[in-house]
Amino acid sequence: MTNDIDWVALKAAAVAARAGAYVPYSKFPVGVAALTSDGRIISGCNVENASYGLTLCAECGLVSSLHATGGGTLVAFTCVDGNDNVLMPCGRCRQLLFEHSAPGMVLETVSGFRTIEEVLPDAFGPRVLDAYSATASSAPSAP
Ligand code: THU
């Protein structure tokens, strides 16, 4: 599976996207790239804000790009820091990626290639909500 993926091209796309990073506060540029289920390579960079908590991680741009350019799901993902080293997505971004991932999406990580299920075990996601809404007892009782 991972052998079929052009990780060199993905990393190059992440590095190219990183050039657009807006990081006046942390000075920590991040670039990400992913392969989509229909073969597109998409990317993103982090965009910070003077109201620090509003910072958009690079993965936010990636997910926006996924949907803005045709949708689908993420099949493979990589993330680089300012020194071209592989960076692990933060916890929030693992959740963000999970929502849009194909089952078994592969990430290039600091400990080798790992699936989204491995880096976010027992994830909360759309299937949990689907299962809940399918149970008759989940409907709130009338007052
Ligand atoms: N950052 C990302 O863009 N993605 C991550 O997964 C980790 C953190 C950014 C946010 C902030 O602009 C900078 O890295 C330092 O935290």
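See the structure printed just above.
Predicted model, so just to flag it, every value in this text is computed and none were measured.

Draft legend 1. How the structure looks around the site of the ligand. Residues in contact with the ligand, as listed here, are Ser26, Phe28, Val30, Asn46, Glu48, Thr55, Cys57, Ala58, Glu59, Pro89 and Cys90. Within the side chain of Asn46, a nitrogen or oxygen atom sits 2.9 Å from an oxygen atom of the ligand. Glu59 is positioned such that a nitrogen or oxygen atom in its side chain is 2.9 Å from an oxygen atom of the ligand. Protein chains bury 79% of the 380 Å² of accessible surface belonging to the ligand in isolation.

Draft legend 2. Region of interest: the nonpolar core. With 17 residues, the main nonpolar core has Leu62, Leu74, Phe77 and Leu97 as its most contacted residues. Within the residue set of this core, elements represented by two or more residues are β1 (31–36), α2 (58–68), β3 (74–80), α3 (91–99), β4 (101–109) and α4 (116–119). In this structure, Leu62 is in contact with Val32, Ala33, Ala34, Ile42, Ser43, Gly44, Leu74, Phe77 and Leu97, ignoring residues within four places of it in sequence. Counting nine residues, the second-largest nonpolar core is a separate cluster that includes Trp7, Leu10, Ala76 and Val80.

Draft legend 3. Here's a closer look at the side chain of Glu108. The residue Glu108 is located in strand β4 in this model. Polar contacts involving the side chain of Glu108 include one to the side chain of Thr78, which spans 2.6 Å. In this structure, Glu108 is in contact with Trp7, Phe77, Thr78, Val86 and Phe113, ignoring residues within four places of it in sequence.

Draft legend 4. Main features of the pairing of β4. For β4, a buried count of seven out of nine residues is recorded, marking the element as mostly surrounded by other parts of the structure. Here β3 pairs with β4 via three bridges, running parallel. Bridged to Ala76 within β4 is Val106. The pairing of β4 with strand β5 (residues 112–115) spans four bridges and is classified as antiparallel. Note on β5: the bridge partner recorded for Glu108 is Phe113.

Draft legend 5. Spatial organisation of the state of the cysteines. Counting across every chain of the model gives zero disulfides. Cys93 provides the cysteine sulfur closest to Cys90, a residue in no disulfide bond, and the two sulfurs are 3.6 Å apart. Note on Cys93: relative accessible area 0%, which makes it buried.

Cut-off values and rules
- Residues numbered from 1 in each chain as written.
- Predicted model: local features only at pLDDT ≥ 70, side-chain atom pairs only at ≥ 80, totals over all residues.
- Heavy atoms only, no water.
- Near = heavy atom within 4 Å.
- Polar contact = N/O pair within 3.5 Å; in protein donor to acceptor, adjacent residues only side chain to side chain.
- Areas by Shrake-Rupley, 256 points an atom, 1.4 Å probe, with all protein chains shown as cover.
- Core = buried A, V, L, I, M, F, W, Y, C linked by side-chain atoms within 4.5 Å.
- Buried < 20%, exposed > 50% of the residue type's maximum accessible area, 1.4 Å probe, protein only.
- Helix = DSSP H or I, 4+ residues; strand = E, 2+ residues; numbered from the N terminus.
- Contact = heavy atoms within 4.5 Å.
- Pairing = 2+ DSSP bridges.
- Disulfide = S-S within 2.5 Å.

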